[in-house]
There are 2 protein chains.
Amino acid sequence: MTKTPGDMNDAERDARHAEKMRKHKAAHDKKMASKTIEKGLLIVHTGKGKGKSTAAFGMVFRSLGHGHRVGVVQFVKGKIDTGERLALDRFSDLVTLKRMGEGFTWETQDRQRDIAAARKAWEAAKDMIRSGDYRLVMCDELNIVLRYDYIPVEEVIEFLKTEKPDDVHVVITGRNAKEGLIEIADLVTEMTQIKHPFRDGVKAQQGIEF
Amino acid sequence: MTKTPGDMNDAERDARHAEKMRKHKAAHDKKMASKTIEKGLLIVHTGKGKGKSTAAFGMVFRSLGHGHRVGVVQFVKGKIDTGERLALDRFSDLVTLKRMGEGFTWETQDRQRDIAAARKAWEAAKDMIRSGDYRLVMCDELNIVLRYDYIPVEEVIEFLKTEKPDDVHVVITGRNAKEGLIEIADLVTEMTQIKHPFRDGVKAQQGIEF
C-alpha cells in the first residue's frame, strides 16, 4: 500500500520530494531544450490591473543592465512617471526617452490636438523601431491611443509585420489592447486587479504609483 | 433628436468628446481628492503570467529613481536575473540585494537544504523590513517558498501585521499566492498569461526573460 504524505516521516517525505523534483527537472530541461528560436518579440501588457507599464519598465531596465540600447516612447504624458524617468537618467548612455503625449485625454479635452500628438509619437516610435539601433522599443500606453482610434490599429499592425527588424523587441502597454494586435503578438500578459488600495482611501504614493 | 456619432461632422464629434472628457476629469479629480491616506503598502504580484518579478523590479527602479533606499531578497536563486542585477549595479549607493535561495526546488532536489535556505532568506527579509532603513523591500518569489510550506504563511502574516513599520512598502512575488496573504494585502495584481512565445519554440532571450 502506498503511504500518503501524512503517514510519512521526514526522511520519506524528503525522498518523495527529491524523486518528484527530479521528474520535474527532467521535464523542464526537455521542454527548454526544444526552444531554439531567437527573435525580436512583440509583447503586449494589457488589462485593468496595475503593473503594465511597470513591468515594461522592468524589461527596459533588464535590457539596459545587459548594455542594450533601449528606446521609450510615451504616448500619454499626463501620466505621473517621475521615478522611472529619474532612474533612466543613470542610463543616459543607453536610453532614448521621448515623452510625446499631451496628457490624458480627459485632461486636455481637445481631440484634434490629441490626435496630432498621437500621430507624432507614433512617427517617433516607427523611426526608433525601423532604425534597428535599439534592441527594445517600449510604446507606453499606445493601446490607449489605439482604443480611441487616434491611430488606426491596422496601420500599427501593418508596420509591425512588415517593417520591424527581426532582432528588435517591441513592448506595447495600456488597457483594452485591440484584438488584432493581440493576434500578431508573441507574448501577451493581462494584468488583473484583485485588490487596490485606492478603494480604501489610500492616495497615490511616490515610488508606488509614480 | 440626438445625433449619433455617425451622423456628426468632425467639429460636432470634437465638441461631444470635449464634454465627455470634461465629465471624466471632474469625476476623476473628485475621486482622487478623496484619497488622503499615505502608508506603506503590502503588494502581491501573483498569477501564472509573466511580469510578476519584472513589475516588482520596475517598482524597485522607480523607487530608486526617487532616491529611496530599497532592499531586495531573492528567495529562489536559480532564476535567471542577470539583467536586473547588472542594472541595480548603477544604484549600489541605494540598493541592498540579497540572493539567498538555493535554486528552483526541482534543480536541487534536496528539501531540507531548501527549507534552511528559505528560512535564512526570510530572516534577512525580516531584518530589512524591521530596520526601517528601506522604503521598499522586495521579497522575490517568496510565494514559492510559502506554497511548499517551507515557511508557514501564518508566520509571515503575523510578522507583516505586527512588525512592518507603517512607512515601509513590501512587495511579494510568485505564483500561487496563499489566500491569507492576499487577505491582508493592500494591492494584489494577478498576471494572466494570454500568449507565450515558448509555445512556438522561441527560447528564453537576454533582456526579455533574464
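Residues numbered from 1 in each chain as written. Chains lettered and ligands numbered in written order. Predicted model: local features only at pLDDT ≥ 70, side-chain atom pairs only at ≥ 80, totals over all residues. Heavy atoms only, no water.

Heads up, the condition is: UniProt positions are given in the numbering used here, feature names are shortened, and annotations may be inferred rather than shown by experiment.
Under an unreviewed UniProt entry, chain A has the name Corrinoid adenosyltransferase and belongs to Ponticaulis profundi. UniProt, in the comment section headed Subcellular location (unreviewed entry), describes chain A in these words: "Cytoplasm". Checking UniProt for chain A, the heading Sequence similarities (unreviewed entry) contains the comment "Belongs to the Cob(I)alamin adenosyltransferase family."

**Some thoughts on the pairing of strand β2 (residues 70–74) of chain B**
Residues and elements named next belong to chain B. The line we're drawing: We call a residue buried when its accessible area falls under 20% of the maximum for its residue type, exposed when it is over 50%, and partly exposed in between, using a 1.4 Å probe and counting protein chains only. Numbering of helices and strands starts at the N terminus; helices are DSSP runs of H or I of at least 4 residues and strands are runs of E of at least 2. Between any two strands, at least two bridges found by DSSP are needed for them to pair.
β2 sits mainly inside the fold: five of its five residues count as buried. Along β2, one buried face is formed by Val 70, Val 72 and Gln 74 and the opposite face, lined by Gly 71 and Val 73, is buried too. The sheet contact formed by β2 and strand β3 (residues 95–99) spans five bridges and is parallel. Bridging across to β3, Val 73 finds its partner in Lys 98. One ladder, built from five bridges, connects β2 with strand β4 (residues 136–140); its direction is parallel. Looking across to β4, one finds that Val 73 is bridged to Cys 139.

**Points about unusual backbone geometry**
All names here are of chain B. Phi at Asp 149 takes a positive value of approximately 60°, unusual for a residue other than glycine. Summarising the element assignment, Asp 149 is placed in the loop between α6 (142–147) and α7 (153–162). Positive phi, normally seen in glycine, also occurs at Asn 176, with a value near 55°. Tracing the sequence through the fold places Asn 176 in the loop between β5 (169–173) and α8 (179–184).

**Topic: the interface of chain A and chain B**
In plain terms, the rule: Contact definition: two residues touch when any of their heavy atoms are within 4.5 Å. Accessible area that two parts lose when put together, evaluated with a 1.4 Å probe and summed over both, is termed the buried area. Any pair of nitrogen or oxygen atoms within 3.5 Å is treated as a polar contact; in protein, a donor-acceptor pairing is required on top of that, and neighbouring residues in sequence qualify only through side-chain atoms on both sides. When residues are grouped by polarity, Ala, Val, Leu, Ile, Met, Phe, Trp, Tyr, Cys and Pro land in nonpolar, Asp, Glu, Lys and Arg in charged, and all others, Gly among them, in polar.
Counting residues at the interface gives 78 residues for chain A, matched by 78 residues for chain B. Summing the contributions of chain A and of chain B, the shared interface buries around 7400 Å²; its carbon and sulfur component is 59%. At the junction of chain A and chain B, the tally comes to 32 residue pairs in polar contact (both at pLDDT 80 or more). For the side of chain A that touches chain B, the element with the most residues is helix α1 (residues 10–33) of chain A, which contributes 11 residues. Tallied by class, the residues present in the side of chain A that touches chain B amount to 28 nonpolar, 26 polar and 24 charged. As paired elements, strand β6 (residues 187–195) of chain A and strand β6 (residues 187–195) of chain B share seven bridges and run antiparallel to each other. Bridged to A:Gln193 within β6(B) is B:Thr189.

**Focus: the sheet that holds β2(B)**
Just so we agree on the cut-off: Throughout, an axis means a line fitted to C-alpha atoms (over the contacting stretch in the case of helices), and angles, computed between N-to-C directions, take values from 0 to 180 degrees.
Read from one edge to the other, the open sheet built from 12 strands follows the order β3(A)-β2(A)-β4(A)-β5(A)-β1(A)-β6(A)-β6(B)-β1(B)-β5(B)-β4(B)-β2(B)-β3(B), with strand pairing classed as mixed. Taken across any chain shown, the strands that pair with only one partner, and hence form the sheet edges, are β3 (95–99) of chain A together with β3 of chain B. Neighbour-to-neighbour, the strand axes of the sheet open up by a mean angle of 15°, direction not taken into account. Inspection of the sheet shows strand β1 (residues 42–46) of chain A paired to β6(A) by four bridges, in the parallel sense. Within β6(A), the residue paired with A:Val44 across the bridge is A:Val188. Taken strand by strand, helix α2 (residues 52–65) of chain A contacts β1, β2 (70–74), β3, β4 (136–140), β5 (169–173) and β6 of chain A, and its axis lies near 160° from that of β4(A). Contacts between helix α5 (residues 111–131) of chain A and the sheet are confined to β2, β3, β4 and β5 of chain A, with β2(A) contributing the most and set at about 170° to the helix.

**Details of the environment of B:Glu183**
Mapped onto the fold, B:Glu183 is located in helix α8. In this structure B:Glu183 comes out as exposed when scored by relative accessible area, which is 56%.

**Digging into the pattern of salt bridges**
Close approach of charged atoms allows side chains with opposite charge to pair. The criterion, for reference: The rule for a salt bridge is simple: a side-chain nitrogen of Lys or Arg has to be within 4 Å of a carboxyl oxygen of Asp or Glu.
Tallied over the full model, the rule gives 27 salt bridges over all chains. Taking the shortest distance from any N to any O, the salt bridge between A:Arg62 and B:Glu84 comes out at 2.5 Å. You can see A:Arg62 sitting in helix α2 and its partner B:Glu84 sitting in helix α3 (residues 82–88), one on each of two chains. The burial state of A:Arg62 is the same as that of B:Glu84; both residues are buried. What emerges from the salt-bridge pattern is a single network uniting A:Arg119, A:Glu123, A:Lys126 and A:Glu155.

**Focus: the side chain of A:Thr54**
Looking at where A:Thr54 falls in the secondary structure, it is placed in helix α2. A distance of 3.0 Å separates a polar atom in the side chain of A:Thr54 from a polar atom in the side chain of B:Arg62. Beyond its immediate stretch of four places on either side in the chain, A:Thr54 contacts B:Thr54, B:Ala55, B:Gly58, B:Met59 and B:Arg62.

**Regarding the nonpolar core**
Our working definition: Nonpolar cores were defined as sets of buried Ala, Val, Leu, Ile, Met, Phe, Trp, Tyr and Cys residues, with membership established by side-chain atoms within 4.5 Å.
Counting residues in hydrophobic clusters, the biggest one holds 42 residues, and the most contacted among them are A:Val60, A:Phe61, A:Leu64, B:Val60, B:Phe61 and B:Leu64. Sorting the residues of this core by element identifies α2, β2, α3 (82–88) and β4 of chain A together with α2 (52–65), β2, α3 and β4 of chain B as the ones contributing at least two each. Ignoring anything within four residues of it in the chain, the contact list for B:Leu64 reads B:Val70, B:Leu88, B:Phe91, B:Leu94 and B:Val95.

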